[in-house]
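Below are the chains, spelled out letter by letter.
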Amino acid sequence: MDDALVRVGRALRAVVLVVLALLFLIPFYLLVRNGLSSERDITSPEWTFFPTELRWGNVRELFDDPSVPFARSLLNSALIAVATTLGTLLLASLAGYGLARIPYRHANKVFYGILGTLLVPAAVTFVPTFVLVSSLGWVSTLRGLIVPTLFSAFACFVFRQYFLGFPRELEDAAQVDGLGYWRTYWLVVVPNARPVFAAVGTIVFLGAWNSFLWPLVIGQDQNAWTVQVALSSFTTAQVVRLHELFIAAGASILPLLVVFLCFQRWIVAGVERSGID
């Protein structure tokens, strides 16, 4: 009787997981289906599971469209996301490690000051940041898109909390071998903190890749557009190019899927250790 109940429970769980997986895949199906369809198939009142004709030329049309430099936008987003992620991980981890391990009587005050910046709405700092970037001549440049976003108070908080629980024995052994704080950080702490680096890095990468308002304001030249700005250009007051919008949206999420699949194991471990909610 117990074995039968266990088998029934496993079967029900498998059915639920399959249903949830199918529901999760529906948006991806719609992106592919509509991206390879004609405008008539997309807007037709009679829904078909597959379009009447798979238009693979939509992909070539997207990248050949002279009004939207989509390939350049993908490259810009990749450069911005990678640079922002690496810079944030470096600065936030150094700040978190310093606040957690280096003795300093004002460390808590500095930490609370950093946390206080999380309470400031982004709209309050948006205009002053734009004025500063504009005065430096960084409008429509990668520097203007990357530098103002390099430091994250949230990432600093996560690293500081993680390093507070980091085994002191490893650091003590490094100090016995004559290593200072800097070499201990690079040679001992960083290699043993890869899961939290992966978790925080993924969050920062997603935020940088999906950022829209700041790149829209700073990237005034088409050569400085990011993928999110390029996507918005497919829906204007004059025309809506649905097939290009769908195929572009599908292309824009591929890098995110690759990042998640490559770092999935470390991301899960980092979330468990760091307590990211």
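Worth saying up front: this structure is predicted, and the values here are computed from it rather than measured. (Residues numbered from 1 in each chain as written. Predicted model: local features only at pLDDT ≥ 70, side-chain atom pairs only at ≥ 80, totals over all residues. Heavy atoms only, no water.)

### Here we look at the overall build of the protein
Selection rule: Only DSSP runs of H or I reaching four residues or more are called helices, and only runs of E reaching two or more are called strands; each is numbered from the N terminus. Radius of gyration here uses only the C-alpha atoms, and the compact-globule reference equals 2.2 Å multiplied by the residue count raised to the power 0.38. Whether a residue is buried, partly exposed or exposed follows from its accessible area with a 1.4 Å probe, protein chains only, as a fraction of its type maximum: under 20%, in between, or over 50%, in that order. Contacts are assigned to residue pairs with any non-hydrogen atoms lying within 4.5 Å of each other. All accessible-area figures derive from a Shrake-Rupley calculation using a 1.4 Å probe, and residue coverage is judged against the displayed protein chains alone. When charges are counted, neither His nor the chain ends are considered; positive counts come from Lys and Arg and negative counts from Asp and Glu. A charge is said to be at NZ when it belongs to Lys, at CZ for Arg, at CG for Asp and at CD for Glu.
When helices and strands are counted, the protein shows 14 helices and 0 strands. Each helix and strand of the protein, ordered N terminal to C terminal, gives the series α-α-α-α-α-α-α-α-α-α-α-α-α-α. Against the compact-globule benchmark of 19 Å for 277 residues, the protein has a radius of gyration of 24 Å, which places it well outside the compact range. Projected onto the principal axes, the alpha-carbon positions of the protein cover approximately 75 × 70 × 35 Å. Each of the 277 residues in the protein was classed as buried or not, and the buried ones make up 38%. Long-range contacts, defined here as pairs at least 24 residues apart, represent 73% of the contacts in the protein between residues at least 6 apart. As presented, the protein carries roughly 16500 Å² of accessible surface, and 68% of it is formed by carbon and sulfur atoms. Taking the 19 positively charged and 17 negatively charged side chains of the protein as two groups, their mean positions are separated by 9 Å.

### Points about the environment of Asn-58
Here is the rule: Here a polar contact is recorded for every N or O atom pair within 3.5 Å, except that within protein the pair must consist of a potential hydrogen donor and a potential acceptor, and residues adjacent in sequence are included only if both atoms are side-chain atoms.
Along the chain, Asn-58 turns up in helix α3 (residues 57–64). Judged by its relative accessible area of 1%, Asn-58 falls in the buried class. Each C-alpha atom, one on Asn-58 and one on Asn-210, is 23 Å from the other, the two residues being 152 residues apart in sequence. The contacts of Asn-58, once residues within four sequence positions are left out, are Gly-35, Leu-36, Ser-37, His-243 and Ile-247. There is a polar contact of 2.8 Å between the side chain of Asn-58 and the backbone oxygen of Gly-35.

### Re the pattern of salt bridges
Filter applied, for reference: Should a side-chain nitrogen of Lys or Arg be within 4 Å of a carboxyl oxygen of Asp or Glu, the pair is scored as a salt bridge.
One pass over the structure, following the stated rule, counts 1 salt bridge. Glu-171 is the salt-bridge partner of Arg-101, the closest N and O atoms lying 2.6 Å from each other. In this pair, Arg-101 sits in helix α4 (residues 70–101) while Glu-171 sits in helix α9 (residues 168–176), placing the two residues 70 residues apart along the sequence. On the basis of relative accessible area, Glu-171 is assigned to the buried category, the value being 4%.

### Let's talk about the packing of aromatic side chains
Selection criterion: Working definition: a ring pair exists when centres of Phe, Tyr or Trp rings (six-membered ring for Trp) sit within 6.5 Å. Plane angles under 30 degrees give stacked, over 60 give edge-to-face, the rest tilted.
For the structure on display, the rule yields 17 aromatic pairs. Centre to centre, the rings of Tyr-29 and Phe-49 are 4.8 Å apart; their planes meet at 20 degrees, and the pair counts as stacked. Here Tyr-29 is found in helix α1 (residues 2–35), whereas its partner Phe-49 is found in the loop between α2 (39–43) and α3, with 20 residues between them in sequence. Judged by its relative accessible area of 23%, Tyr-29 is partly exposed.

### Digging into the side chain of Ser-77
If you trace the backbone, Ser-77 turns up in helix α4. Judged by its relative accessible area of 2%, Ser-77 falls in the buried class. At 2.8 Å, the side chain of Ser-77 forms a polar contact with the backbone nitrogen of Val-227.

### Quick look at the packing of helix α8 (residues 153–164) against helix α11 (residues 194–210)
Worth spelling out the cut-off: Helix axes are fitted to C-alpha atoms over the stretch in contact, other axes to C-alpha atoms as well, and angles between N-to-C directions run from 0 to 180 degrees. Angles are sorted into four bins: roughly parallel if under 35 degrees, roughly antiparallel if over 145, roughly perpendicular if 65 to 115, and oblique for all others.
Running from N to C, α8 and α11 point in directions that differ by 170 degrees, and their axes come no closer than 11 Å. What the angle tells us is that α8 and α11 run roughly antiparallel. When α8 is examined against α11, the residues Phe-154, Ala-155, Val-158, Phe-159 and Tyr-162 are found in contact with a partner set consisting of Val-196, Phe-197, Val-200 and Ile-203.

### Some thoughts on the UniProt feature "transmembrane region" (unreviewed entry) in the protein
In plain terms, the rule: UniProt positions are given in the numbering used here, feature names are shortened, and annotations may be inferred rather than shown by experiment.
As annotated by UniProt and renumbered to match this structure, "transmembrane region" (unreviewed entry) occupies residues 12–32, 78–99, 111–133, 145–164, 185–209 and 245–263. Between the C-alpha atoms that bound residues 12–32 the distance is 30 Å, and the span itself is 100% helix and 0% strand. The span residues 111–133 shows a helical share of 78% and a strand share of 0%, and its end C-alpha atoms are spaced 26 Å apart.

### Structural notes on the environment of Glu-53
Note on placement: Glu-53 falls in the loop between α2 and α3. Non-local contacts of Glu-53, meaning those with residues more than four positions away in its chain, are made with Leu-36, Ser-37 and Asp-41.

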